[in-house]
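# Close look at the chain arrangement
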Amino acid sequence: NLVIKGEDTELDKTLIEEINDPLVHLVRNSVDHGIESPEERTAKGKDPKGTLILSASHEGNHVIITIEDDGKGIDSNVILKKALDKGLISESQKASLSEKEILDLIFEPGFSSAEFVTELSGRGVGMDVVKTSISRMQGSIKLQSTVNSGTLVTLRLPLTLAVVGIILV
């Protein structure tokens, strides 16, 4: 079930073109990795049909875009294990990482928690590319997740790149 909020939120044309690929990647990840099968959802006492909420709103000189699913969430233990296996962190670093730092490991180049690649989300583009694209637009990305409740990705983007360019000049 796709719910779209804030359809009337305006954004600079250049930013709209730049945000397209990262946004599609985030939506695909939510659908493929986040939302469980109807059978799994029913077994957990959830509605068999998952929900994905895509919303946009203005906040000062920024546009806030959120992608929220009511899926399985991100298990920080799985993230830690994959990060250790890939050599992204050492055993000694593991104990000192906060929940946010653990979730942020998803944005490291080469990181993937998928057991197998699918047509939907596994296209060779990782979350590191998404973060790089957002940063290039002078934006930020924030990840929040609760196991068995879902994941919320928040993008914070400037209203326009043109204003930033003029200020730099």
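Going by the structure above, here's the rest.
The following refers to the structure shown. No experiment lies behind these values; they were computed from the predicted model shown.

### Re the sheet that holds strand S4 (residues 140-146)
Read across the sheet, 5 strands follow the order S1-S2-S3-S5-S4 without closing on themselves; strand pairing throughout is mixed. Strands at the two margins of the open sheet, each flanked by one partner only, are strand S1 (2-5) and S4. Ignoring strand direction, the axes of neighbouring strands in this sheet form an average angle of 15 degrees. Against the sheet, helix H6 (residues 127-136) engages S4 and strand S5 (150-158), with an angle of about 140 degrees to S4.

### Quick notes on the pairing of S5
A large share of S5 lies buried, amounting to 7 of its 9 residues. For strand S3 (residues 62-69) and S5, the ladder comprises 8 bridges, and the chain directions are antiparallel. Paired with Asp69 across the strands is Thr151, a residue of S5. Bridge count between S4 and S5: 7 bridges; the pairing is antiparallel. Along S5, the bridge assignment pairs Ser140 with Arg156. Where S4 hands over to S5, the hairpin turn is made up of 3 residues, of which Asn148 adopts a positive phi near 70 degrees.

### Some thoughts on the pattern of salt bridges
Taken as a whole and assessed by the stated rule, the structure comprises 10 salt bridges. The salt bridge partner of Lys13 is Glu17, with a shortest N-O separation of 3.0 Å. Of this pair, Lys13 and Glu17 both sit in helix H1 (residues 13-34), 4 residues apart, which is roughly one turn of that helix. Its relative accessible area of 61% is what places Lys13 among the exposed residues. Notably, a salt bridge pairs Asp85 with Lys81, separated by 3.1 Å at the nearest N-O pair. Here Asp85 and its partner Lys81 are both found in helix H3 (residues 76-85), 4 residues apart, which amounts to about one turn of the helix.

### Let's talk about the nonpolar core
In terms of nonpolar packing, the biggest core is built from 30 residues, with Ile19, Leu26, Ile65, Ile67 and Leu155 touching the most fellow members. Contributing elements (two or more residues each) for this core: H1, strand S2 (52-59), S3, H3, helix H5 (99-104), H6, S4 and S5. The greatest single-element share of this core, amounting to 4 residues, is contributed by H1.

### Notes on the packing of H1 against H6
Relative orientation of the contacting elements H1 and H6 amounts to 145 degrees, with a least axis distance of 9 Å. As H1 runs across H6, the sense of the crossing is left-handed. Residues Glu18, Ile19, Pro22, His25, Leu26 and Asn29 of H1 form the contact with H6, whose own contacting residues are Met127, Val130, Ser133, Ile134 and Arg136. Its residues placed into classes, the contact of H1 with H6 shows 6 nonpolar, 3 polar and 2 charged.

What counts as what
- Residues numbered from 1 in each chain as written.
- Predicted model: local features only at pLDDT ≥ 70, side-chain atom pairs only at ≥ 80, totals over all residues.
- Heavy atoms only, no water.
- Pairing = 2+ DSSP bridges.
- Helix = DSSP H or I, 4+ residues; strand = E, 2+ residues; numbered from the N terminus.
- Axes fitted to C-alpha atoms, helices over the stretch in contact; angles between N-to-C directions.
- Contact = heavy atoms within 4.5 Å.
- Buried < 20%, exposed > 50% of the residue type's maximum accessible area, 1.4 Å probe, protein only.
- Salt bridge = Lys/Arg side-chain N within 4 Å of Asp/Glu carboxyl O.
- Core = buried A, V, L, I, M, F, W, Y, C linked by side-chain atoms within 4.5 Å.
- Left-handed = near helix turned anticlockwise from the far one by under 90°.
- Nonpolar A, V, L, I, M, F, W, Y, C, P; charged D, E, K, R; others polar.

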